[in-house]
Amino acid sequence: MKVTVAICTHNRAADTKEAVWSVLGQQFDSNQYEVLVVDNKSTDGTWETMLELQRTPGVGPERVRCVREETLGLSAARNRAIREARGQYILFLDDDAVAKPGWMGAIIDVFERDAGIGCVGGKIDPVWEGGEPAWLPDMFKTLYTVLDYAPGVTEMEAPRIPFGANVAFRADVFKRHAPFREDLGRVGSNLLSSEESELIDRIRATHKVCYTPHAVVDHKIAKSRISRKWFLRRVYWQGISDAARKQRGPGYLLKQAVKVPVSALLLPFALADRRKAIVQLRRIQYSNGYIAGCLGLYK
């Protein structure tokens, strides 16, 4: 089999169903791919929804395969998908994303240009529930998994990486590299991350990492996330995540400790402009998160 499309989900039954249908609608030989849904301890009827979808005429378990992963956490679910995948290429699609026409073929086209390509990412367009927030500077949209890296197929230069909502791997890379670190990545309601960047950094040692703008997904951004409170929580956990990777020394910790009072002093002068204020608040939250991550002061 050429392709496994892996959709890892936790309590998003309706969104997962839409994601699966967006894959089944691709113009790609149905004998050459499977959809693998990894249900990560859902309690909202996701498993039953997937079984019902399998019973749809023309679908069946041979096209949509479902497995349960009882270890809660996105990295654990993704690693289960890697172990279960039958395809030569493993394409990850988020459970709240919808693949646009031509998505699958565009990713495979890049892989088949060069056997040295180990990872391919595609364009991620946001679908803002309730509208795009006016207070959010463009530079921070990546925290909402928005990606538009280049107008053509190109190799991504470090430290830039594809995002997990729309990323694919040559299955053989996992014979040389361990999969996702399970001490990184979201577990339940926390916003721990960096599991993708850590893995892709390792893959870069042996393979190319590429981007294609022709493999597009729409990524839904729930209204509950379009708030400064959620954004600053996401930034705080990004600081924790970076600390958990343990790539930086004590000098970086000291730098973050200095940033907190400096940004706090600058904040009153930025309050008149919501975007300038969010820049200072982001610095404070990231630094606090990094410090908490280094000291283990988080749950």
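Preceding block: the structure.
Not measured: the values here are computed from a predicted model. (Residues numbered from 1 in each chain as written. Predicted model: local features only at pLDDT ≥ 70, side-chain atom pairs only at ≥ 80, totals over all residues. Heavy atoms only, no water.)

For helix H9 (residues 274-295), built from 22 residues, the straight-helix expectation of 32 Å at 1.5 Å per residue is met to within 8% by its first-to-last C-alpha distance of 31 Å. Buried residues of H9: Ala277, Ile278, Val279, Gln280, Ile284, Tyr286, Ser287, Gly289, Tyr290, Ala292 and Gly293, and no others. Where H9 is buried, its residues touch helix H7 (228-245) and helix H8 (250-270). Near the N-terminus of H9, the side chain that reaches the backbone nitrogen of Arg275, with its oxygen 3.0 Å away, is that of Asp273. Looking one or two residues beyond H9, the residue adopting positive phi is Gly296, at roughly 70 degrees. (Helix = DSSP H or I, 4+ residues; strand = E, 2+ residues; numbered from the N terminus. Expected span 1.5 Å × (residues − 1). Buried < 20%, exposed > 50% of the residue type's maximum accessible area, 1.4 Å probe, protein only. Contact = heavy atoms within 4.5 Å. Polar contact = N/O pair within 3.5 Å; in protein donor to acceptor, adjacent residues only side chain to side chain.)

A word on the pairing of strand E1 (residues 3-9). Counting buried positions along E1 yields seven of seven residues, so the element is predominantly enclosed. Burial of E1 is two-sided: the residues Val3, Val5, Ile7 and Thr9 facing one way and the residues Thr4, Ala6 and Cys8 facing the other way are all buried. As judged from the seven bridges shared by E1 and strand E2 (residues 33-39), these two strands associate in the parallel manner. Considered in E2, the bridge of Ile7 is made with Val37. Note that the unit made of E1, helix H1 (residues 13-24) and E2 has a crossover that is right-handed. As defined by bridge partners, E1 adjoins strand E4 (residues 89-93) across four bridges and the pair is classed as parallel. The residue bridging Val3 from the neighbouring strand is Tyr89, located in E4. (Pairing = 2+ DSSP bridges. Right-handed = clockwise from strand over helix to strand, strands pointing away.)

Okay, the side chain of Gln26 next. Note that Gln26 resides in the loop between H1 and E2. A residue is classified by how much of its surface remains accessible, and Gln26, at 7% relative accessible area, is buried. Of the polar contacts made by the side chain of Gln26, one reaches the backbone oxygen of Lys100; its length is 3.1 Å. Not counting chain neighbours up to four residues away, the residues in contact with Gln26 comprise Ala99, Lys100, Pro101, Gly102, Trp103 and Met104.

What follows concerns the packing of H8 against H9. Orientation of H8 relative to H9, taken along the N-to-C sense of each, is 155 degrees, at an axis distance of 8 Å. The angle between H8 and H9 places the two elements in the roughly antiparallel class. When the axes of H8 and H9 are compared, the crossing they make is left-handed. On the side of H8, the interface is formed by Tyr252, Leu253, Gln256, Ala257, Lys259, Val260, Ser263, Ala264, Leu266, Leu267 and Ala270, while H9 contributes Lys276, Ala277, Gln280, Leu281, Arg283, Ile284, Tyr286, Ser287, Asn288, Tyr290, Ile291 and Cys294. (Axes fitted to C-alpha atoms, helices over the stretch in contact; angles between N-to-C directions. Parallel < 35°, antiparallel > 145°, perpendicular 65-115°, else oblique. Left-handed = near helix turned anticlockwise from the far one by under 90°.)

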